Every structure is written in structure tokens, then in C-alpha cells.
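Per-entry structural report
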Amino acid sequence: MNIIKEFRDFISKGNVIDLAVGIIIGAAFGKIVASLVADVIMPPIGFLLGGVNFSDLKIPIKAAQTDAAGKITKAAVSINYGNFIQVCFEFLIIAFAVFMLVKAVAALRRRQDAGAAIAPPPAPTRQEELLSEIRDLLKAKE
């Protein structure tokens, strides 16, 4: 029963909920970036490179096999390096966006920390005052 209570306490904390929201938003952001790269960034790059569609770039290893009717019985085997290039662009955009977000949060924290007043050190306790007096008396004796 103790483990169930610990798990319930863990789940009810705000950090877990924040993490879940972050994962959901991150997944949606990934889809947006994938569309941005595939539909907005890569077509002009392909056009500038002579009308290349990056998703079509591949190195065939084995051609597809068809039967007498022309129906594909075994799919072609190929190295799809164009898709890899597109995924690398997506990664770079996501990494840059996360970098900018982390940089903005760090700047806000620095600004918040600079604005916070530095608390004065706590006053010495009665015991510390007595020890200081004893130390001073011992120094005076020498």
C-alpha cells in the first residue's frame, strides 16, 4: 500500500502534470515543424537544385518484383537519403527553437534573480554570541 500512496503523491505533484503538458505540446510542435520543413522549406530548396523532390532521393538496392499481372509482390529495397536530409532539417529547426526557448527562460531567470533583494545574513544566535565573547576573553588573556 505504501508504494500506491507514493505513486499517488508523485502523480498529484505539479511537475508531472507540467511534464505531460510539455510532451503533448512538443509532439504537436514536432508535427508543425515537420510540415514546415516538408511543405515550405524543402520545395524551394529542391527547386533551386533543379526541381529535386527530396523525398524521392534514394539509392536503389533491389528493384521491386512484380507478377505477370503487374502487381507488386515484393517491395523495392532502397536507401532513402532524401528523407534523411529532410529529417535532419526538421531536427535542426526543433533544436534551434528549443535553444531559443531555453535562452529566453535563462534570461528571464537572470533578470528575476537580479531584481530579487539579497536577504541579509541571519542574526547570530545567543549561543554564537556567547561563544564569540568567550573567544574574545581568551584572546585578551594571551
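For the structure itself, consult the block above.
Let us look at the structure shown here. No experiment lies behind these values; they were computed from the predicted model shown.

1. Concerning helix H4 (residues 126–141)
The end-to-end C-alpha distance of H4, which contains 16 residues, comes to 23 Å, matching closely the 22 Å that a straight helix rising 1.5 Å per residue would cover. Burial analysis of H4 places just zero of its 16 residues in the buried class, a small minority of the element.

2. Re a nonpolar patch on the surface
A contiguous nonpolar surface patch, about 590 Å² in accessible area, is contributed by Ile59, Ile61, Val77, Ile79, Tyr81 and Phe84. Taken together, the elements giving at least two residues each to the nonpolar patch come down to strand E1 (59–62), strand E4 (77–79) and helix H3 (81–115). As for its position among the elements, Phe84 is in helix H3.

3. With respect to the environment of Val77
Mapped onto the elements of the fold, Val77 is located in strand E4. Judged by its relative accessible area of 41%, Val77 is partly exposed. A sequence separation of 19 residues divides Val77 from Lys58, and the C-alpha atoms of the two residues are 9.8 Å apart. Ignoring sequence-local partners within four residues, the contact set of Val77 consists of Pro60, Ile61 and Lys62.

Rules of the game
Residues numbered from 1 in each chain as written. Predicted model: local features only at pLDDT ≥ 70, side-chain atom pairs only at ≥ 80, totals over all residues. Heavy atoms only, no water. Helix = DSSP H or I, 4+ residues; strand = E, 2+ residues; numbered from the N terminus. Expected span 1.5 Å × (residues − 1). Buried < 20%, exposed > 50% of the residue type's maximum accessible area, 1.4 Å probe, protein only. Patch = residues over 30% accessible without salt bridge, like charges linked within 9 Å, V, L, I, M, F, W, Y side chains within 5 Å. Areas by Shrake-Rupley, 256 points an atom, 1.4 Å probe, with all protein chains shown as cover. Salt bridge = Lys/Arg side-chain N within 4 Å of Asp/Glu carboxyl O. Contact = heavy atoms within 4.5 Å.

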